[in-house]
Amino acid sequence: MRKKIIAGNWKMNVLPSETATLVKEVAEATKACGNVEVVCCVPAIDVAAAIEAAKGTQVGIGAENAHWEAKGAFTGEISCPMLVDAGVKYVIIGHSERRQYFGETDETVNKRARAVIAAGMTAIVCVGETLEEREAGKLVEVIERQMNVGLKGVTAADCDKLVIAYEPVWAIGTGKTATPDQAQEVHALIRATLAKLVGAETADKVRIQYGGSMKPGNAAELLAKPDIDGGLIGGAALKAGDFAGIVAAGN
Ligand code: 13P
């Protein structure tokens, strides 16, 4: 049995001064959901306040990106040792917004993911096709490439520090959700691709989240699918009640 993991991705939305309140509201609202791992991934500048507010609660705090080098002349970047030192346990890597707007490639995803895992944090590695790619019949090719290049060198032993998030780009922030069957089909493909990299037994233990307009109203049917082990939540993670509704659906 894979433990469900529901993670919020706050993106660039919450001020440092608003962070403690939202984390505490999430902690309170998800208190009774003991069978679900609850995570808030927050902007780097919110990390300190989020860690402080989450102390003694069931909420884990994550970051939204990390650089692969431990230190050095990389103005504006945040390293894994910095995140570990601050108390961060999870890092989102390769979100489609980073790929789309900030030049992230499968190769840089690979470097970041390996650095996060080597630092002892859990990498939430995002994959997903654009509408154009799906309509051109390239879904399988794109997912396999993102997995094979993005996870190159990740071993079976690393996989307890790996979560994969399937986020169809056309479903992010659009209100358009993949149907449970559409999502399940890709989640099964992701698990089969992972099995070729690290073996079926290990692949069977790795959690695969769905992301893209997940809400309290559609979470239960998505989370009921055999290979959907959680959610990566954007908009609905900014309201504790909505986020908790999704966590409850996974419980
Ligand atoms: P929405 O839930 O706002 O569609 O965002 C999904 C997402 O990108 C999570 O990483």
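See the structure shown above.
In this report, we go over the structure that sits alongside the text. (Residues numbered from 1 in each chain as written. Predicted model: local features only at pLDDT ≥ 70, side-chain atom pairs only at ≥ 80, totals over all residues. Heavy atoms only, no water.)

Attention now goes to the environment of Ala244. Assignment of secondary structure puts Ala244 in helix α11 (residues 240–250). By relative accessible area, which is 9% here, Ala244 ends up buried. In sequence terms Ala244 and Val23 are 221 residues apart; their C-alpha atoms lie 12 Å from each other. Leaving out residues up to four positions away in the same chain, Ala244 has contacts with Ala29 and Thr30. (Helix = DSSP H or I, 4+ residues; strand = E, 2+ residues; numbered from the N terminus. Buried < 20%, exposed > 50% of the residue type's maximum accessible area, 1.4 Å probe, protein only. Contact = heavy atoms within 4.5 Å.)

This part takes up the site of the ligand. For the ligand, the full set of nearby residues is Asn9, Lys11, His95, Glu167, Ala171, Ile172, Gly173, Gly212, Ser213, Leu232, Gly234 and Gly235. A distance of 2.7 Å separates an oxygen atom of the ligand from a polar atom in the backbone of Ser213. At 2.8 Å, a backbone N or O of Gly235 approaches an oxygen atom of the ligand. Relative to its free-state accessible area of 310 Å², the ligand is covered by the protein chains to the extent of 95%. Spatially, the ligand is embedded in the second largest pocket. Split by residue class, the shell around the ligand holds three nonpolar, seven polar and two charged. (Near = heavy atom within 4 Å. Polar contact = N/O pair within 3.5 Å; in protein donor to acceptor, adjacent residues only side chain to side chain. Areas by Shrake-Rupley, 256 points an atom, 1.4 Å probe, with all protein chains shown as cover. 1 Å grid on protein atoms, 1.4 Å probe; cavity = no way out; pocket = protein on both sides within 12 Å on 5 of 7 lines; lining within 4 Å. Sits in = over half its atoms within 2 Å of the grid points. Nonpolar A, V, L, I, M, F, W, Y, C, P; charged D, E, K, R; others polar.)

With that settled, consider the sheet that holds strand β6 (residues 162–166). On the basis of which strands lie adjacent, the closed barrel formed by eight strands has the order β1-β2-β3-β4-β5-β6-β7-β8 and parallel pairing. Strand-to-strand twist of the sheet, defined as the mean angle between neighbouring strand axes without regard to direction, takes the value 25°. In the sheet, strand β5 (residues 122–127) pairs with β6 via five bridges, with the strands oriented parallel. Bridge assignment links Ile124 to a residue of β6, and that residue is Val163. (Pairing = 2+ DSSP bridges. Axes fitted to C-alpha atoms, helices over the stretch in contact; angles between N-to-C directions.)

Moving on, we come to unusual backbone geometry. In this structure, Lys11 takes a positive phi of about 55° despite not being glycine. Structurally, the position occupied by Lys11 is in the loop between β1 (4–9) and α1 (16–29). A positive phi angle is found at Ser213, which is not glycine, with a value near 55°.

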